[in-house]
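One-letter residues, chain by chain:
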Amino acid sequence: HKLVLHAMYICICKSITDTQIRAAADAGFNSLGKLKKKYGLASCCGSCVEMTQAILNDNTQKSAIQEPIYPLQHKLSDYTPQKNMPHNVMIILTFF
């Protein structure tokens, strides 16, 4: 099975998608003001403001939970099939 992700247009006036907004937020443009200044988002009709802010809020929350509370002390590549993994290694998988 393939996972297919579709982008949704948030700012029709400037043809900006949710994927582009998330990528821009990850690159440091994490406020409506910064996005407006850099990309012109929300500079025409303004109908994208509410959804853009929701995406920024969601992206901020996801970034906060991606950081593990207890960092791995060992790399998974340190283990071969012949070795047993110690019981104190925690693996965190995040799916979005």
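Residues numbered from 1 in each chain as written. Predicted model: local features only at pLDDT ≥ 70, side-chain atom pairs only at ≥ 80, totals over all residues. Heavy atoms only, no water.

(A) Layout of unusual backbone geometry. Of note, the phi angle at Ser15 is positive, near 55 degrees, even though the residue is not glycine. Structurally, the position occupied by Ser15 is in the loop between strand E1 (9-11) and strand E2 (16-17). Unlike most non-glycine residues, Ala42 shows phi in positive territory, near 65 degrees. One can find Ala42 in the loop between helix H2 (32-39) and helix H3 (49-66). (Helix = DSSP H or I, 4+ residues; strand = E, 2+ residues; numbered from the N terminus.)

(B) Examining the side chain of Thr52 more closely. Relative to the elements of secondary structure, Thr52 occurs in helix H3. For Thr52, the contacting residues outside a window of four places in its chain are Ile10, Ile21, Leu32, Leu35 and Leu41. (Contact = heavy atoms within 4.5 Å.)

(C) How the structure looks around the packing of aromatic side chains. Under the definition given, this model contains 1 aromatic pair. Summarising the aromatic geometry, the rings of Phe29 and Tyr39 are spaced 5.7 Å apart at their centres and angled 75 degrees between planes, so their arrangement reads as edge-to-face. Here the residue Phe29 occupies a position in the loop between helix H1 (18-26) and H2, and Tyr39 occupies one in helix H2, the gap between them amounting to 10 residues. Residue class for Tyr39 comes out partly exposed when judged on its relative accessible area of 40%. (Phe/Tyr/Trp six-rings, centres within 6.5 Å; stacked < 30°, edge-to-face > 60°. Buried < 20%, exposed > 50% of the residue type's maximum accessible area, 1.4 Å probe, protein only.)

(D) Structural detail: the confidence of the model for the protein. Summarising the model, the protein shows a mean pLDDT of 75, and 59% of its residues fall at 70 or more. Low pLDDT, under 50, characterises residues 69-89; the stretch is placed with 14 contacts to residues that sit more than four places away or in other chains. (pLDDT = per-residue confidence, 0-100.)

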